[in-house]
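Single-letter residue listing:
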Amino acid sequence: MEYSKLGSSNLNVSRVCLGSMTWGQQNNQQDADQQIEFALNQGVNFIDTAELYSIPPSPKTYGKTEAIIGDWLSRNRNQRQNLIIASKIAGAGLSWIRDGGPITGEAIIQSVDNSLQRLQTDYMDLYQLHWPNRTSPHFGKQWPGMITFSDEDSKQQTSQMLEILQALSECVKAGKIRHCGLSDDTPWGIATYLKLSQQYDLPKMVSIQNEFSLLNLKDWPYLIEQCIHEDIAYLPWSPLGGGVLSGKYANGARPEGSRWTLAQRQGLFRNTQASHNAVAEYIRIADSLNITPAQLALAWCNQVDGVTSTIIGATNLTQLEEDISAFDITLDNDTLTKIGDVIKQFPMPY
């Protein structure tokens, strides 16, 4: 396993980050225990979760994933110092989480305490804003006309961001979190937080996790360039495009228990003909290399300049073993050229 520095922090994280959003819905405590133990044995030291999880989100599953991780930690106290545990505070829009309200300083303070209680730990290594208070061009909203940026009051948003940073600073000073980061944000969000951090001597955002895969390249090159030069870790989530890049949904297939058989809050926005056409091309490339389509997608993601650690998720050990082994694969220039040709043919398939 290889490791990279988490942005401007002093933390070294494995190039594989173990995602956990299925724990509590598709996976139970025993499944999670097995996944954690297997990942640790492969050298993974980075686990990502959120107060929102498990997925699909609901009042019934809220906080379940953190509680499952906390249960494991309670039985493995000696492992805590070897792990980088990241969690996230949910943004606005879900009625059962702070009445659907935005992220505020007060919400940060309370949510950090609640997450620590569920995780059964004294501190989190990384605490992230799951999505910004303003509407951002993520979750299929990256197309022109879907968001009117001029409708946002930038001064009001900046004021909210300062309040958030001040609350995060309190948590850092109290030893409850070590570092803070972003998720589902944009270059403007990164730049504004950096400006506020410098202006008011507040903690710097050390990372951002956004959706990024062979089917979703909206962060390349502008946001990733910013991450490199501002020393912010870039953490791709959904590197398999919600599972479609594994090829398991080809020809309308819906394997029993798979994510696409569950109701999704944003709908199956990745389920387009262009996506399936692109995946068919990637399957052909993977077959020629005698690797799986999922391994091709993950190996490619790992080789993108600027990627720090890729967040993977699995519902069973066979998938997890397949996915982690992808990070031992180096794609040669000929393969990267073939992949690039498919990207040019299907640059924004959903």
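Above this text is the structure in question.
In this text, all values refer to a predicted model and were calculated from it rather than measured experimentally.

Reading the values: rules and limits
Residues numbered from 1 in each chain as written. Predicted model: local features only at pLDDT ≥ 70, side-chain atom pairs only at ≥ 80, totals over all residues. Heavy atoms only, no water. Phe/Tyr/Trp six-rings, centres within 6.5 Å; stacked < 30°, edge-to-face > 60°. Helix = DSSP H or I, 4+ residues; strand = E, 2+ residues; numbered from the N terminus. Buried < 20%, exposed > 50% of the residue type's maximum accessible area, 1.4 Å probe, protein only. Salt bridge = Lys/Arg side-chain N within 4 Å of Asp/Glu carboxyl O. Contact = heavy atoms within 4.5 Å. Pairing = 2+ DSSP bridges.

Looking at this structure, how should I read the packing of aromatic side chains?
Each pair of aromatic rings is reported with the distance of its centres and the angle of its planes. Considering all chains together, one arrives at 3 aromatic pairs under this definition. On the basis of an interplanar angle of 25 degrees and a centroid distance of 5.7 Å, the ring pair of F212 and W300 is categorised as stacked. One end of the pair, F212, is in the loop between β8 (205–211) and α6 (222–230); the other, W300, is in helix α8 (residues 293–303), and 88 residues separate them in sequence. The pair F212 / W300 is uniform in exposure class, with both members buried. Members of the aromatic cluster, joined through ring pairs, are F212, Y234 and W300.

Sorry if this is basic, but what is going on with the pattern of salt bridges here?
Two side chains of opposite charge can pair, provided their charged atoms sit close to one another. With the rule as written, the count across this model stands at 13 salt bridges. A salt bridge links E51 to R98; its shortest N-O distance comes to 2.7 Å. Residue E51 is located in the loop between β4 (46–48) and α2 (64–74), and its partner R98 is located in the loop between β5 (84–89) and α3 (105–119); the two are separated by 47 residues in the primary sequence. Judged by its relative accessible area of 0%, E51 falls in the buried class. Within the structure, one salt-bridge network assembled from shared partners comprises D33, D71 and R75.

I'm lost on the side chain of T310 in this one. Help?
Here T310 is to be found in strand β10 (residues 310–312). Accessibility expressed as a relative area gives 0% for T310, which makes it buried. Excluding its chain neighbours within four sequence positions, the residues that come into contact with T310 are R15, V16, C17, P236, P239, L298, C301, N302 and F327.

I would appreciate a short explanation of the environment of G243 in the present structure.
Position of G243 among the secondary structure elements: in the loop between β9 (233–237) and α7 (273–289). G243 sits 15 residues away from S258 along the chain, and the two C-alpha atoms are 8.7 Å apart. Ignoring any residue separated from it by four or fewer positions in sequence, one finds G243 in contact with K248 and Y249.

Explain the pairing of β9 here, please?
The side chains of a regular strand alternate, first on one face of the sheet and then on the other. Taking burial as the measure, the 5 residues of β9 include 5 buried ones, the bulk of the element. Every second residue of β9 is oriented toward a common face, with A233, L235 and W237 on one face and Y234 and P236 on the other, all of them buried. Pairing between β8 and β9: 5 bridges, direction parallel. Looking across to β9, one finds that Q209 is bridged to L235.

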